[in-house]
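One-letter residues, chain by chain:
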Amino acid sequence: MLLRVLSWNVHGCVDYRDRYRPGDIVDQLEAMDADIVALQEIETGPGARGDGRDLRQLLIRTVAPYQVFAGTLQRAAGSYGHILLSRFPVERARIIDLPRLDVEPRKLIHGRLRVNEQPVDVFAAHLGFRRREQSEQIRAVARQMKRASGAAILLGDLNERFRRGATFRAMSPGFESAPRRATFPSRWPVLPLDQIWFSGFDIVHSRVAREAGRLSDHLPITAGLRLPARLHRSE
């Protein structure tokens, strides 16, 4: 089976002109039609933006019915953090605290999905932007992923500035990545902050969705991953 996966830092659904556009974000996600989605910088709660809409519930209704949310900051009107959405049932979920040097806590989402009777471990992250912090956090992420007993995927804004930086060193060998293309800033992308890593899959295709460039300061990155029959396993 081909899995379509996507990671996107949606910048609180605020576009480059500082307009709040959750409906357009959802429309773009529906058009990209991914099975597993990781979104960073989302605000939840009906009062998060004063318009009565709860983005988390909107995403569940329109993009994928199963979700795991990691709140990193609590605000008066709602929670701020990142979310993993899936069209496949989430059998188990964990929120893991990552090493922290900055004001904002950083958390790793780990969801065990059931995909056509096969277990797949999916990790979603939004790492810190300071180099030392990012380096410690990606090493912690890699340790968690190496404990997975089979196919695994990492989606997220890894705040990795270099194609062979701390992320490459932590994840290689053992994991492969979709082509590390520039995703930030969205209008003139030069940095590969947003990445997809995996093990136990063959990559079929990958792209950066340039058509979404006006909706956030990051571009979405997507990939098609296929689990080879020889790696199918049961529990």
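Residues numbered from 1 in each chain as written. Predicted model: local features only at pLDDT ≥ 70, side-chain atom pairs only at ≥ 80, totals over all residues. Heavy atoms only, no water.

Tallying secondary structure elements over the chain gives four helices and twelve strands in all. Scaling as 2.2 N^0.38, a compact globule of 235 residues should have a C-alpha radius of gyration of about 18 Å, and the chain matches this with 16 Å. When the backbone C-alpha atoms are referred to their principal axes, the chain occupies close to 50 × 35 × 30 Å. For the chain, with 235 residues in total, the buried portion stands at 58%. Contacts in the chain between residues at least 24 apart in sequence constitute 66% of all its contacts with a sequence separation of at least 6. A total of about 10,300 Å² of accessible surface is found on the chain, and carbon and sulfur atoms cover 48% of it. Averaging the positions of the 37 positive and the 27 negative side-chain charges in the chain gives two centres separated by 5 Å. (Helix = DSSP H or I, 4+ residues; strand = E, 2+ residues; numbered from the N terminus. Rg over C-alpha atoms; globule rule 2.2 N^0.38 Å. Buried < 20%, exposed > 50% of the residue type's maximum accessible area, 1.4 Å probe, protein only. Contact = heavy atoms within 4.5 Å. Areas by Shrake-Rupley, 256 points an atom, 1.4 Å probe, with all protein chains shown as cover. Lys, Arg positive; Asp, Glu negative; His and termini not counted. Charge placed at Lys NZ, Arg CZ, Asp CG, Glu CD.)

Looking now at the sheet that holds strand 5 (residues 90–97). Read across the sheet, six strands follow the order 5-6-7-8-10-9 without closing on themselves; strand pairing throughout is mixed. In the strand order of this sheet, the two ends are held by strand 5 and strand 9 (176–177), each with one partner. Summarising the sheet, strand 7 (residues 118–126) and strand 8 (residues 152–157) pair through six bridges and their orientation is parallel. Of the residues in strand 8, the one forming a bridge with Val-122 is Ile-153. Each of strand 5, strand 6 (107–115), strand 7 and strand 8 is contacted by helix 3 (residues 131–146), which is oriented at about 160° to strand 8, the strand it contacts most. (Pairing = 2+ DSSP bridges. Axes fitted to C-alpha atoms, helices over the stretch in contact; angles between N-to-C directions.)

Once that is clear, we can look at the pattern of salt bridges. Counted under the stated rule, the structure contains 13 salt bridges. Between Asp-35 and Arg-87 there is a salt bridge; the shortest N-O distance is 3.3 Å. Taken as a pair, Asp-35 in the loop between helix 1 (22–32) and strand 2 (36–44) and Arg-87 in the loop between strand 4 (78–86) and strand 5 lie far apart in primary sequence, 52 residues in all. Taking relative accessible area as the criterion, Arg-87 reaches 30% and is therefore assigned partly exposed. Taking the shortest distance from any N to any O, the salt bridge between Glu-211 and Arg-207 comes out at 2.8 Å. Owing to a relative accessible area of 46%, Glu-211 belongs among the partly exposed residues under this scheme. For Arg-207, a relative accessible area of 37% gives the class partly exposed. The structure contains a network of salt bridges with shared partners spanning Arg-4, Asp-33, Asp-35 and Arg-87. (Salt bridge = Lys/Arg side-chain N within 4 Å of Asp/Glu carboxyl O.)

Core analysis: the biggest nonpolar cluster contains 27 residues, and Leu-3, Val-5, Ile-36, Val-122, Ile-153, Leu-155 and Phe-201 have the highest contact counts within it. Put simply, the parts of the chain that give this core at least two residues each are strand 1 (2–9), strand 2, strand 3 (66–75), strand 6, strand 7, strand 8, strand 10 (194–199) and strand 12 (221–226). Discounting chain neighbours no more than four positions away, the residues touching Val-5 are Ala-34, Ile-36, Ile-153, Leu-155, Ile-196, Ile-221, Thr-222, Ala-223 and Leu-225. If you look at the next biggest cluster of nonpolar residues, it comprises 24 residues, including Ile-25, Leu-39, Ile-42 and Leu-59. (Core = buried A, V, L, I, M, F, W, Y, C linked by side-chain atoms within 4.5 Å.)

A few words now on the confidence of the model for the chain. The share of residues in the chain with pLDDT of 70 or more is 93%, and the mean pLDDT across the chain is 91. A low-confidence stretch, residues 230–235 stays under pLDDT 50, and its non-local contacts, those more than four residues away or across chains, total 14 contacts. (pLDDT = per-residue confidence, 0-100.)

The next point concerns a positive patch on the surface. The grouping of Arg-92, Arg-94, Arg-131, Arg-139, Arg-143, Arg-147, Arg-161 and Arg-169 at the surface amounts to a positive patch. Looking at the positive patch, the elements with two or more residues in it are strand 5 and helix 3. Per element, the largest residue contribution to the positive patch is three residues, and it comes from helix 3. Here Arg-169 shows up in helix 4 (residues 166–171). Taking relative accessible area as the criterion, Arg-169 reaches 56% and is therefore assigned exposed. (Patch = residues over 30% accessible without salt bridge, like charges linked within 9 Å, V, L, I, M, F, W, Y side chains within 5 Å.)

Moving on, we come to helix 1. Every buried residue of helix 1 is listed here: Pro-22, Ile-25, Val-26, Gln-28, Leu-29 and Met-32. Burial along helix 1 is one-sided: seen end-on, the buried residues are contained in an arc of 160°. Just past helix 1, the residue Asp-33 takes up positive phi, approximately 55°. (Arc of directions from axis to C-beta.)

Angle between the axes and distance between the axes: these two values describe a pair of packed helices. Closest axis-to-axis distance for the helix 1/helix 2 (residues 55–62) pair is 11 Å, and the angle between their directions is 25°. Classified by the angle their axes make, helix 1 and helix 2 are roughly parallel. When the axes of helix 1 and helix 2 are compared, the crossing they make is right-handed. From helix 1, Pro-22, Val-26, Leu-29 and Glu-30 reach across to helix 2, where they touch Leu-55, Leu-58, Leu-59 and Thr-62. Partitioning the contact of helix 1 with helix 2 into residue classes produces six nonpolar, one polar and one charged. (Parallel < 35°, antiparallel > 145°, perpendicular 65-115°, else oblique. Left-handed = near helix turned anticlockwise from the far one by under 90°. Nonpolar A, V, L, I, M, F, W, Y, C, P; charged D, E, K, R; others polar.)

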